[in-house]
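Examining the three-dimensional arrangement
One-letter residues, chain by chain:
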Amino acid sequence: MTVTNTGTCAGTDVVQLYVTLPDAAAAEPRRLVAFHKVSLPAKKSTRLELSVPVAELRVWKSGRWTVVPGSYTFAVARSSRDVTAQRTVTVG
């Protein structure tokens, strides 16, 4: 993703990545899976890449940790209530 400081002075923010697991996972509604603190001068941008370890997508089911097949929605946000972009990926 590209992060831009649209302000008139240098600033710092934390980019957060949340995932919503498929209904079959019976998991919490939204899970924080990655974040990165970024500082930028005024009017500058930077490219940011966040990696999600597969363990962050697992749930305890039938006596073991597993990734449930289905649709996973990843959301980039400043907080859990301030989503700025999202994308859905189908697994399995």
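Look up a bit, the structure's there.
So, here is what we can say about the structure in this document. (Residues numbered from 1 in each chain as written. Predicted model: local features only at pLDDT ≥ 70, side-chain atom pairs only at ≥ 80, totals over all residues. Heavy atoms only, no water.)

Examining the nonpolar core
By size, the foremost hydrophobic cluster in this structure holds 18 residues, and its most contacted members are V3, V15, L17, V19, L21, Y72 and F74. Every element with two or more residues in this core is listed here: β2 (11-20), β3 (31-40) and β7 (70-77). Among the elements that take part in this core, β3 stands out by supplying four residues, more than any other. Ignoring anything within four residues of it in the chain, the contact list for L17 reads R31, L32, V33, A34, L50, V52, F74, A75 and V76. (Core = buried A, V, L, I, M, F, W, Y, C linked by side-chain atoms within 4.5 Å. Buried < 20%, exposed > 50% of the residue type's maximum accessible area, 1.4 Å probe, protein only. Helix = DSSP H or I, 4+ residues; strand = E, 2+ residues; numbered from the N terminus. Contact = heavy atoms within 4.5 Å.)

Overview of the layout of surface pockets
Of the pockets and cavities examined, the largest pocket occupies roughly 650 Å³. M1, V3, V15, V76 and T84 are, among the 24 residues lining the largest pocket, the residues nearest its centre. The biggest single contributor to the lining of the largest pocket is β2, with six residues. Partitioning the lining of the largest pocket into residue classes produces 14 nonpolar, seven polar and three charged. (1 Å grid on protein atoms, 1.4 Å probe; cavity = no way out; pocket = protein on both sides within 12 Å on 5 of 7 lines; lining within 4 Å. Points joined across faces, edges and corners; volume = space filled by probe spheres on them. Nonpolar A, V, L, I, M, F, W, Y, C, P; charged D, E, K, R; others polar.)

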